[in-house]
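The residues making up each chain are set out below.
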Amino acid sequence: MFQTKAYAAAGKSAKLAPTTIDRRDPGEHDVQLQVLFCGICHSDLHQARDEWHAVFATVYPCVPGHEIVGQVTKVGAKVTKFKPGDRVGVGCLVDSDRTCSECQDGLEQMCLASTFTYNSPDKKLGGVTRGGYSDTMVVDERFVLRVPTNLDPAAVAPLLCAGITTWSPLRTWGAGPGKKVGVVGLGGLGHMGVKFARALGAHTVVFTTSPSKVEDALRLGAHEVVLSKDASAMAKHAGSFDFILDAVSANHDINAYVALLRRDATLTLVGAPPEPLQVGAFGLLFGRKRIAGSPIGGLPETQEMLDFCGQHGITADVETIPIQQVNEAYERLLKADVRYRFSIDMASLRS
Ligand code: NAP
Ligand code: ZN
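Only a predicted model underlies this, so the values are computations on that prediction, with no experimental measurement involved.

Definitions and limits used
Residues numbered from 1 in each chain as written. Chains lettered and ligands numbered in written order. Predicted model: local features only at pLDDT ≥ 70, side-chain atom pairs only at ≥ 80, totals over all residues. Heavy atoms only, no water. Salt bridge = Lys/Arg side-chain N within 4 Å of Asp/Glu carboxyl O. Helix = DSSP H or I, 4+ residues; strand = E, 2+ residues; numbered from the N terminus. Buried < 20%, exposed > 50% of the residue type's maximum accessible area, 1.4 Å probe, protein only. Donors = N, O, S within 2.8 Å, 3.2 Å for Na, K, Ca; no water. Contact = heavy atoms within 4.5 Å. Disulfide = S-S within 2.5 Å.

Trainee: Give me the pattern of salt bridges: which residues, what numbers.
Mentor: Inspection of the entire model under this criterion finds 21 salt bridges. A salt bridge links D242 to R262; its shortest N-O distance comes to 3.5 Å. One end of the pair, D242, is in strand β13 (residues 241-246); the other, R262, is in strand β14 (residues 261-269), and 20 residues separate them in sequence. Looking at R262, the relative accessible area reads 40%, which means it is partly exposed. Among the salt bridges present, the one from R288 reaches D264, with a minimum N-O distance of 2.8 Å. Here R288, found in the loop between α9 (281-285) and β15 (290-293), pairs with D264, found in strand β14; they are 24 residues apart in sequence, far enough to count as distant. In this structure R288 comes out as exposed when scored by relative accessible area, which is 54%. Taking relative accessible area as the criterion, D264 reaches 23% and is therefore assigned partly exposed. Each of K195, D216, R219, D317 and R339 takes part in one network of salt bridges that share partners.

Right under this line is the structure:
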């Protein structure tokens, strides 16, 4: 075991602050990496503040961070995929049972015994896992991704959660040529959803509550932008969408979007507001419409997404910050004031 620097929340009302945490010595199948950049996902904020208490109660101290790009510093004797110096990524998962049908299908995110990168029971060290707001991580090679070296690592980090979480449902529900796809909420997830829906060839429409984001939405690839508070603009799209991806972090009216689906079409939630959302039955009955959910993505699909990004030059739009500004970044995230993902330069933790 060794110690590494990190930033942690000591309680649900506490600001994140510097601390030191334990990491295991790398085992035969482990990769040790120095964290170069870590994105700030809204899930980090939900968990640091214990907003998902009913589902995933937070164990303190909590070290968030699951959008990690790093450089390999050591590998265990049986590691075959990586060597020191390689640029790698780690997302929301660091382990799973590897034997269930989900794991065998490469859907580790649905394994009932999966280990999340932070706030999950740590099977090796005890306590809970600690995430990427830290200097060094040790992760089994099966849960380490190859990162395209032609892309800016600060802007690649968010692909490890915001990227895969939007890529996976867009692929599952067939976003592509001839399909009209909506993306609700232009935050970290939403802006990746727009880039992917466009790159996959779908007619892409953004729904935002923020008039100041309209121009950006078009620049990011949207064909159309709708201000969701404008009822008449919403009504023009009634019954016309093949698929809607909802990436909103707070309570909102999803019935307004169900009304925009065509017959048999699906609205998929990737946003995870702490409070239950209300659904009107009639909006679903007529038109046989569906509401679904989608969690992150499995390891093979995450690698596929990263490779696609490497080939198409796709990254997140990031504001790079030092770790010392993480608490201000959380406040800005709550105000939907980020263009469009904070990426922490982890060199700031070492200096
Ligand atoms: P984010 O960057 O804060 O973006 C959320 C966006 O939602 C905001 O930019 C805003 O967009 C919109 N919004 C915020 N409050 C709103 C409100 N009261 N009413 C309507 N719209 C509102 O968050 P994120 O990191 O993209 O994460 C979004 C959600 O996805 C979070 O709940 C997060 O926990 C969840 N998540 C889920 C998964 C999964 O596996 N399914 C993975 C990662 C994250 P506009 O300004 O455009 O309106
Ligand atoms: Zn996330």
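Trainee: Which residues make up the coordination of the zinc ion (ligand 2), and what values do they have?
Mentor: Listed as protein donors to the zinc ion (ligand 2) are C41 (SG), H66 (NE2) and C161 (SG); their distances from the metal cover 2.0 to 2.2 Å. Here the donor residues of the zinc ion (ligand 2) are spaced in sequence according to C-x24-H-x94-C. With C41 in the loop between β3 (30-39) and α1 (42-48) and C161 in the loop between α3 (153-156) and α4 (162-172), this pair connects stretches of sequence that are 120 residues apart. Taking relative accessible area as the criterion, C161 reaches 4% and is therefore assigned buried.

Trainee: Explain the environment of V63 to me, and be specific about the residues and the numbers.
Mentor: With respect to the secondary-structure elements, V63 resides in the loop between α1 and β4 (68-75). Considered as a pair, V63 and K289 are 226 residues apart in the sequence and their alpha carbons are 39 Å apart. When near neighbours in sequence (up to four residues on either side) are disregarded, V63 contacts A6, Y7, A8, I21, Y118, R130, G131 and Y133.

Trainee: Can you lay out the state of the cysteines for me, pointing to particular residues and giving the numbers?
Mentor: Tallied over the entire structure, the rule returns zero disulfides. Distance from the sulfur of C62, which forms no disulfide, to the nearest cysteine sulfur (C38) is 12 Å. C111 takes part in no disulfide bond, and the closest cysteine sulfur to it belongs to C103, at a distance of 3.7 Å. The buried category is assigned to C111, whose relative accessible area is 5%.

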